[in-house]
Amino acid sequence: MVTPPPEITPEHHVSEIEIEQAIRTGIERYFDDCRARVPAFIDRHFHYPGAIATNRMALGWDMLRAPINLLWAPVYALASLVKFLTPNRTGLMWLHGLANRVPAGFTTRVQQHISHLILVDLLNNGQEDPLLESYLIAELEAVYERHSCEPVDHQRFNKLIEPLVTDTLSQYRVTRTASADITNSITCTVLGAFAFQKFTPGGIGLGIVLASMLAKTLAARDFVLGETIGRWYYSVFPPEPSLATTASVMVAVMVTLAAFAALSGVIFDPVQAAVGLHRRRLHKLLDHLQRDVTLSTQSSFRPKDQFVARVLDTFDMIRSGLL
């Protein structure tokens, strides 16, 4: 339970129970109002034309940050799993501390923009200052007015709440990278099915298919009996692409897909909004943040998107024969 600041103590007939109830009521009213703002927030920033304004910030350095983030995402997912499995375990605190220092990757301009929108538009209703504090003060003033003529000392609550909000928004930014990775897996599957009649569940599988096609083309061009006969021969006896060719093509494919994913929000944000993914994600964010503020715990918001993305990556590697 959020405890009142030291200056806010029971006076006259104001009991500790009344103060705690006032704080709890203020928290509930605040988060109920936040949830009521979710539909308008989604319409404004994730449906057209707002989705274009939200994602056009990906133009520029984000085109470089996005590929790096997607390549780094499996490392961060593993670190998050380690932190989840080793909390306060004797003998493994060093491992938990090491995993805790693993960064989530580069923060893109789109991630920064969406975090700012959530903080200002959703959590603070267009204000720069923390709005939750005013709800708590209003409830405390109502209690004190019933028992005392002295005003409440407006001790700021944001020192307690700000770290929780910061960590929660950081976790929400991770979902953007994970969503981009899931988008890449879907794109590769569709592209492989329609363009190559192959099952390519990710960038690795698509890279292997393209590397095989490149090896076949190069081998046919250098065939001793001519390129036409070479194409026929290697269609029956396909050459094995070299490791260097395969690795180069896979990296090129993954970088291209990541650059596409940096801008894919223009297409997929409205889709996610239409099927309710954005609504569920924001409601989950608010539910966890309310719980953490009420119980004064560490941030518990840990979206599962990044683990879904890693499952898809693992399946892609198994399908491609790398695992």
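The structure under discussion appears in the preceding block.
**Section: the packing of aromatic side chains**
Part 1: Scanning the model with the defined rule gives 7 aromatic pairs in all.
Part 2: Measuring from centroid to centroid gives 4.9 Å for Tyr30 and Phe31, while their planes differ by 80°, and the two rings are edge-to-face. This pair shows no difference in class: Tyr30 is buried, exactly as Phe31 is.
Part 3: Relative to Tyr234, the ring of Tyr233 has its centre 5.1 Å away and its plane inclined at 80°; by these criteria the two rings are edge-to-face.
Part 4: Here Tyr234 falls in the buried class, since its relative accessible area comes to 17%.
Part 5: Pairwise contacts between aromatic rings join Phe223, Tyr233, Tyr234 and Phe237 into one cluster.

**Observations regarding the packing of helix H1 (residues 16-45) against helix H12 (residues 277-295)**
Part 1: At a minimum axis separation of 10 Å, H1 and H12 run at an interaxial angle of 165°. With respect to each other, H1 and H12 are oriented roughly antiparallel. Where H1 crosses over H12, the two elements pack in a sense that is right-handed. For the pair H1 and H12, the contacting residues are Arg24, Ile27, Glu28, Phe31, Cys34, Arg35, Val38, Phe41 and Ile42 in the first and His278, Arg279, Leu282, His283, Leu286, Asp287, Leu289, Gln290, Val293 and Thr294 in the second.
Part 2: The residue inventory of the contact of H1 with H12, partitioned by class, reads 10 nonpolar, 4 polar and 5 charged.

Definitions and cut-offs
- Residues numbered from 1 in each chain as written.
- Predicted model: local features only at pLDDT ≥ 70, side-chain atom pairs only at ≥ 80, totals over all residues.
- Heavy atoms only, no water.
- Phe/Tyr/Trp six-rings, centres within 6.5 Å; stacked < 30°, edge-to-face > 60°.
- Buried < 20%, exposed > 50% of the residue type's maximum accessible area, 1.4 Å probe, protein only.
- Axes fitted to C-alpha atoms, helices over the stretch in contact; angles between N-to-C directions.
- Helix = DSSP H or I, 4+ residues; strand = E, 2+ residues; numbered from the N terminus.
- Parallel < 35°, antiparallel > 145°, perpendicular 65-115°, else oblique.
- Left-handed = near helix turned anticlockwise from the far one by under 90°.
- Contact = heavy atoms within 4.5 Å.
- Nonpolar A, V, L, I, M, F, W, Y, C, P; charged D, E, K, R; others polar.

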